[in-house]
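Understanding the architecture of this molecule
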Amino acid sequence: MRLFSILLFCLLLLMQATLWIGKNGVNDYRQVKDEVAIQSSVNSELRKRNDEMFVEIDDLKQGLDAIEERARHELGMVKKGETFYRIIDTD
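Residues numbered from 1 in each chain as written. Predicted model: local features only at pLDDT ≥ 70, side-chain atom pairs only at ≥ 80, totals over all residues. Heavy atoms only, no water.

We apply this condition: UniProt positions are given in the numbering used here, feature names are shortened, and annotations may be inferred rather than shown by experiment.
In the nomenclature of an unreviewed UniProt entry, the protein corresponds to Cell division protein FtsB from the organism Vibrio ezurae NBRC 102218. Of the comments in the UniProt record for the protein, the one headed Subcellular location (unreviewed entry) reads "Cell inner membrane". What UniProt records for the protein under Function (unreviewed entry) is the sentence "Essential cell division protein. May link together the upstream cell division proteins, which are predominantly cytoplasmic, with the downstream cell division proteins, which are predominantly periplasmic."

See below:
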């Protein structure tokens, strides 16, 4: 009976060691859990950026106002009969 108890105790120690420091143990679980949290925040930011891009695409599909505004702002285009003024900051 005593030998059986010692054998069970050794088996328990072996299982505990595997649980805490073995492959797929608690340490690996914590590391993967942290990586999942980081990736979730990255995915959230990318999802937000995608939503903004879809809104911009829908706006460009709706009418010419958004296209005209974008052409004026990004390309510096001016309509006929308009005067373009560029203000340069002295700082």
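Having seen it, we continue.
1. Concerning the overall build of the protein
Note the cut-off: Numbering goes from the N terminus for both helices and strands, where a helix is a DSSP run of H or I of at least four residues and a strand is a run of E of at least two. We take the radius of gyration over the C-alpha atoms and set the globule estimate at 2.2 Å times the residue count to the 0.38 power. Accessibility here uses a 1.4 Å probe with only protein chains present; expressed as a share of the type maximum, an area under 20% marks a residue as buried, one over 50% as exposed, and anything in between as partly exposed. Each accessible area is a Shrake-Rupley result for a 1.4 Å probe, and residues are judged covered by the shown protein chains and nothing else. We count Lys and Arg on the positive side and Asp and Glu on the negative side, and we leave His and both chain ends out. Every charge is mapped to an atom, namely NZ of Lys, CZ of Arg, CG of Asp or CD of Glu.
Within the protein one finds 3 helices and 0 strands. In the protein, the succession of helices and strands from N to C terminus is α-α-α. Since a compact globule built from 91 residues should have a radius of gyration of about 12 Å, the 32 Å found for the protein marks it as more spread out than a globular shape. Counting only C-alpha atoms and orienting by the principal axes, one finds that the protein spans roughly 105 × 40 × 10 Å. For the protein, with 91 residues in total, the buried portion stands at 4%. Carbon and sulfur atoms provide 60% of the accessible area of the protein, an area that totals close to 9,100 Å². Distance from the positive charge centre (13 side chains) to the negative charge centre (16 side chains) of the protein: 9 Å.

2. Here's the deal with the environment of C10
Within the secondary structure, C10 is located in helix α1 (residues 2-21). Taking the C-alpha atoms as reference points, C10 and E69, separated by 59 residues in sequence, lie 75 Å from one another.

3. Considering the pattern of salt bridges
Which entries qualify depends on this criterion: We define a salt bridge as a side-chain nitrogen of Lys or Arg found within 4 Å of a carboxyl oxygen belonging to Asp or Glu.
Summed over the entire model, instances satisfying the criterion amount to 5 salt bridges. Residues E68 and K79 are paired through a salt bridge, measuring 3.3 Å at the closest nitrogen-oxygen approach. Of this pair, E68 sits in helix α3 (residues 64-75) while K79 sits in the segment after α3, placing them 11 residues apart in sequence. Classification of E68 as partly exposed rests on a relative accessible area of 30%. Note on K79: relative accessible area 46%, which makes it partly exposed. Residue R72 pairs with E82 through a salt bridge whose shortest N-O separation is 2.9 Å. One end of the pair, R72, is in helix α3; the other, E82, is in the segment after α3, and 10 residues separate them in sequence. Within the structure, one salt-bridge network assembled from shared partners comprises E68, R72, K79 and E82.

4. Comments concerning unusual backbone geometry
The residue N24 is not glycine, and still its phi comes out positive at about 60°. By secondary structure assignment, the location of N24 is in the loop between α1 and α2 (26-62). In this structure N24 comes out as exposed when scored by relative accessible area, which is 66%.

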